[in-house]
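Below, each chain spelled out in residue letters.
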Amino acid sequence: MKNLVNNINNQVAEMTVAQMRKVAGQYGIKNASKFRRTELSKMVADAMVAEAKAKAEAEKKAAKKAQSSDKRYKADKVAASEVAQMAGQLIADGINGVDLYDVNRKVLIEVMKQLHCKKWYRTYDKPTMVSKIVEAMAA
């Protein structure tokens, strides 16, 4: 970050006052013509650093959000008529080699119902559904 600040300070130091006044408008500095070079260069440099920090923070936040987007809650939609069929097939084939997080929520509910899991009608989150199904299939 210090390197970024030094680069911006050097960039601002190389600018003419006219260039700083043009750039000042882009960074929300009003009445740039009323300031002297020293004041204006400090204001422009501070604004550029603040924008660079905000941009870096936004990129960091976007990267974190992309990393945390979890596949557990993304499953293909299933027609209501196919739910029971898919649930029966899942029970018959077993859960070995099947990622239950990729299975539709309605199908998981139907599987829990057919396996007679406790409180299947009150379970809403996929991790709990998966753990109940695995437990019931193991028993």
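Model, not experiment: these values are computed from the prediction.

Cut-offs applied
- Residues numbered from 1 in each chain as written.
- Predicted model: local features only at pLDDT ≥ 70, side-chain atom pairs only at ≥ 80, totals over all residues.
- Heavy atoms only, no water.
- Buried < 20%, exposed > 50% of the residue type's maximum accessible area, 1.4 Å probe, protein only.
- Helix = DSSP H or I, 4+ residues; strand = E, 2+ residues; numbered from the N terminus.
- Contact = heavy atoms within 4.5 Å.
- Polar contact = N/O pair within 3.5 Å; in protein donor to acceptor, adjacent residues only side chain to side chain.
- Expected span 1.5 Å × (residues − 1).
- Arc of directions from axis to C-beta.
- Salt bridge = Lys/Arg side-chain N within 4 Å of Asp/Glu carboxyl O.
- Core = buried A, V, L, I, M, F, W, Y, C linked by side-chain atoms within 4.5 Å.
- Lys, Arg positive; Asp, Glu negative; His and termini not counted.

## Notes on helix 5 (residues 105–114)
Within an α-helix, residues lying three or four positions from one another point in the same direction, as the helix has 3.6 residues per turn. Among all positions of helix 5, only Val-107, Leu-108, Glu-110, Val-111 and Met-112 are buried. The inward-facing, buried residues of helix 5 abut helix 4 (80–93) and helix 6 (126–138). Where helix 5 starts, the residue carrying a side-chain oxygen 2.8 Å from the main-chain nitrogen of Lys-106 turns out to be Asn-104. Two residues or fewer after helix 5 comes His-116, characterised by a positive phi angle close to 60°.

## Considering helix 6
Between its first and last C-alpha atoms helix 6 spans 18 Å; for 13 residues at 1.5 Å apiece the expected length is 18 Å, and the two agree. Listing the buried residues of helix 6 in full gives Lys-126, Met-129, Val-130 and Ile-133. Buried residues in helix 6, looked at end-on, bunch into an arc of 95°, giving them a common side. Exposed and facing more than 90 degrees away from the buried side of helix 6 are Glu-135 and Ala-138. Each element contacted by the buried residues of helix 6 is listed here: helix 5.

## Focus: unusual backbone geometry
Even without glycine at this site, Asn-31 takes up a positive phi of about 55°. Mapping Asn-31 onto the fold places it in the loop between helix 2 (17–26) and helix 3 (37–68). At Lys-119, a residue that is not glycine, the phi angle is positive and equals roughly 50°. With respect to the helices and strands, the residue Lys-119 is situated in the loop between helix 5 and helix 6.

## Topic: the pattern of salt bridges
Taken as a whole, this structure holds one salt bridge when the rule is applied. Between Asp-46 and Lys-42 there is a salt bridge, and its shortest N-O distance comes to 3.2 Å. Placement of both Asp-46 and Lys-42 in helix 3 is noted, with a separation of four residues, approximately one turn of the helix.

## Section: the nonpolar core
One finds Leu-100, Val-103, Val-107, Leu-108, Val-111, Met-112 and Ile-133 to be the most contacted residues of the largest nonpolar core, which totals 16 residues. Put simply, the parts of the chain that give this core at least two residues each are helix 4, helix 5 and helix 6. For this core, the leading source of residues is helix 5, giving four residues. For Val-107, the residues in contact, after removing those within four places along its chain, are Val-78, Val-83, Met-86 and Ala-87. With 15 residues, the next largest nonpolar core counts Ile-8, Met-20, Val-23 and Ala-47 among its residues.

## Remarks on the side chain of Glu-110
With respect to the helices and strands, the residue Glu-110 is situated in helix 5. Summary of buried charges: Glu-110 has no salt-bridge partner, and the nearest side chain of opposite charge, Lys-113, is 4.6 Å away. Look past the residues within four positions of Glu-110 in its chain and what remains in contact with it is Val-83, Ala-84 and Ala-87.

Shape descriptors only; they carry no functional weight alone.
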